[in-house]
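Residue-level listing of the chains:
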Amino acid sequence: MRRFYRIIRKHAEIICFVTIFLFTGLSAARSQAPEIFIDPSFHEAWLYPDQTYYWTTTISNIGDDMLSYSFPGFASGTPPPGFIASVNPSSGLVDVGGSMDILIEWNSAGYGPGIYLQDLICESNDPVNPLVILPCTMHVEQVAFLSGLVKDSITQLPIPGIDVVTEYNQTQTQADGTYVTWVLPNTMSWVAYEGPAYVMSSQIYNSGNPNDTTLLPDIALVPTSLFSGPENLMVT
């Protein structure tokens, strides 16, 4: 009887050892997984109206298996509503121990002065963190405005399609020769006017308070066909 128990005990120890070995091996195999790490994981920036802005974040794979990631909407070519205009690359693979720089584009076109929030969502095959949210905060600065009229110095007729350029912004004259552009409040600087078949001109401005519009003197551009002097004509 004792010999029988010794045989049973010996086989039981072998079975237990094999079970532990198999379980440990399977657990180790199952523990292999990608792990996503994004830095920076949030962003805040100050923009002017109609400004395009870029910043970069980095996706790293600190796990022990291949990481795949995707930014929903951007990867399919249909970005969600908001000021985040593009994400590049919007999807991809990251090797174990590797990283990928992601270029993110914001656009403040259509946004008035204020603070705007949008979450950038990243999906991955990380089993623990399959969804990472990157909070984004965009501040749109207050600005002042300039308006005026551009006309032909010979015919005195308004000129459409003339580029109106400041330090921070560029627009064009309308069909009636008028324009409205934005500048920083309470500043003194220059605005330039340039178009096909006309000599470039510029003038100095003093902007008003935020949201105020300053009416500038009319600009009369000289046709290049009649101008034989210096390349630029300064109007002050």
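Just above, that's the structure.
Thresholds applied
Residues numbered from 1 in each chain as written. Predicted model: local features only at pLDDT ≥ 70, side-chain atom pairs only at ≥ 80, totals over all residues. Heavy atoms only, no water. Helix = DSSP H or I, 4+ residues; strand = E, 2+ residues; numbered from the N terminus. Buried < 20%, exposed > 50% of the residue type's maximum accessible area, 1.4 Å probe, protein only. Contact = heavy atoms within 4.5 Å. Areas by Shrake-Rupley, 256 points an atom, 1.4 Å probe, with all protein chains shown as cover. Polar contact = N/O pair within 3.5 Å; in protein donor to acceptor, adjacent residues only side chain to side chain. Pairing = 2+ DSSP bridges. Axes fitted to C-alpha atoms, helices over the stretch in contact; angles between N-to-C directions. Phe/Tyr/Trp six-rings, centres within 6.5 Å; stacked < 30°, edge-to-face > 60°. Core = buried A, V, L, I, M, F, W, Y, C linked by side-chain atoms within 4.5 Å. Patch = residues over 30% accessible without salt bridge, like charges linked within 9 Å, V, L, I, M, F, W, Y side chains within 5 Å. Salt bridge = Lys/Arg side-chain N within 4 Å of Asp/Glu carboxyl O.

Considering the overall build of the protein chain
Turning to step 1, where the next piece is worked out: Check the secondary structure of the protein chain and you find one helix and 18 strands.
Turning to step 2, where the next piece is worked out: Across the 236 residues that make up the protein chain, the buried fraction comes to 34%.
Turning to step 3, where the next piece is worked out: Look at the contacts in the protein chain between residues 6 or more apart in sequence, and 62% of them connect residues 24 or more apart.
Turning to step 4, where the next piece is worked out: Entry remark: accessible area of the protein chain is about 14000 Å², with carbon and sulfur atoms responsible for 58%.

Details of the side chain of S207
Turning to step 1, where the next piece is worked out: Counting through the fold element by element, S207 comes out in the loop between β15 (201-206) and β16 (213-215).
Turning to step 2, where the next piece is worked out: Residue classification places S207 among the buried positions, given a relative accessible area of 10%.
Turning to step 3, where the next piece is worked out: A distance of 3.0 Å separates a polar atom in the side chain of S207 from the backbone nitrogen of N186.
Turning to step 4, where the next piece is worked out: Non-local contacts of S207, meaning those with residues more than four positions away in its chain, are made with A144, V183, L184, P185, N186, T187 and T214.

Examining the sheet that holds strand β3 (residues 52-61)
Turning to step 1, where the next piece is worked out: Taken together, four strands build an open sheet; the order of strands is β1-β3-β7-β5 and the sheet is antiparallel. Pairing within the sheet leaves two strands with one partner each, and these edge strands are β1 (36-39) and β5 (84-88). Direction aside, neighbouring strands of the sheet carry axes that sit 25° apart on average.
Turning to step 2, where the next piece is worked out: The pairing of β3 with strand β7 (residues 99-107) spans nine bridges and is antiparallel. Bridge pairing in β7 links T52 to N107.

Notes on the packing of aromatic side chains
Within a pair of aromatic rings, the relevant descriptors are the distance that separates the centres and the angle that separates the planes.
Turning to step 1, where the next piece is worked out: Under the counting rule described, the total for this entry stands at 10 aromatic pairs.
Turning to step 2, where the next piece is worked out: Summarising the aromatic geometry, the rings of Y53 and W106 are spaced 5.7 Å apart at their centres and angled 50° between planes, so their arrangement reads as tilted. With a gap of 53 residues between them, Y53 in strand β3 and W106 in strand β7 connect regions that are remote in the sequence.
Turning to step 3, where the next piece is worked out: Residue classification places Y53 among the partly exposed positions, given a relative accessible area of 21%.
Turning to step 4, where the next piece is worked out: By way of ring pairs, the aromatic residues Y53, W55, F83, W106, Y111 and Y116 are connected into one cluster.

Some words on the nonpolar core
Turning to step 1, where the next piece is worked out: Within the largest apolar cluster, 24 residues are counted, with the highest numbers of intra-cluster contacts made by I59, F71, I84, V87, I104, W106 and L120.
Turning to step 2, where the next piece is worked out: In terms of residue count, the dominant contributor to this core is strand β9 (residues 131-140) (five residues).
Turning to step 3, where the next piece is worked out: Filtering out sequence-adjacent residues up to four positions away, V87 remains in contact with F71, F74, I102, L103, I104 and L120.
Turning to step 4, where the next piece is worked out: In this structure, L146, V183, Y198 and L216 belong to the second largest nonpolar core, which totals 15 residues.

Looking at a nonpolar patch on the surface
Turning to step 1, where the next piece is worked out: There is a patch of nonpolar side chains on the surface, built from I121, L131 and I133 and spanning about 250 Å² of accessible area.
Turning to step 2, where the next piece is worked out: Here I133 lies in strand β9.
Turning to step 3, where the next piece is worked out: Given the relative accessible area of 45%, I133 is considered partly exposed.

Brief notes about unusual backbone geometry
Turning to step 1, where the next piece is worked out: That bond from D39 to P40 is cis: its omega, 0°, falls within 30 degrees of zero.
Turning to step 2, where the next piece is worked out: With respect to the helices and strands, P40 occurs in the loop between β1 and β2 (43-47).
Turning to step 3, where the next piece is worked out: The amide bond that connects N88 to the next residue, P89, takes the cis arrangement and shows omega of -5°.
Turning to step 4, where the next piece is worked out: As for its position among the elements, P89 is in the loop between β5 and β6 (91-94).
Turning to step 5, where the next piece is worked out: Phi is positive for N186, which is not a glycine, with a value near 55°.
Turning to step 6, where the next piece is worked out: Among the secondary structure elements, N186 is positioned in the loop between β13 (178-183) and β14 (188-194).
Turning to step 7, where the next piece is worked out: The phi angle at N211 is positive, at roughly 75°, despite the residue not being glycine.

Description of the sheet that holds β6
Each strand in a sheet pairs with its neighbour through backbone hydrogen bonds, running either in the same direction (parallel) or in the opposite one (antiparallel).
Turning to step 1, where the next piece is worked out: Strand order in the open sheet formed by five strands is β2-β9-β8-β4-β6, with mixed pairing between adjacent strands. Sheet topology places β2 and β6 at the edges, where each strand pairs with a single neighbour. For this sheet, the mean angle separating the axes of adjacent strands, direction not counted, is 25°.
Turning to step 2, where the next piece is worked out: Strand direction decides the pairing type here: strand β4 (residues 67-70) and strand β8 (residues 114-124), joined by two bridges, are antiparallel.

So yeah, pure geometry; function would need other evidence.
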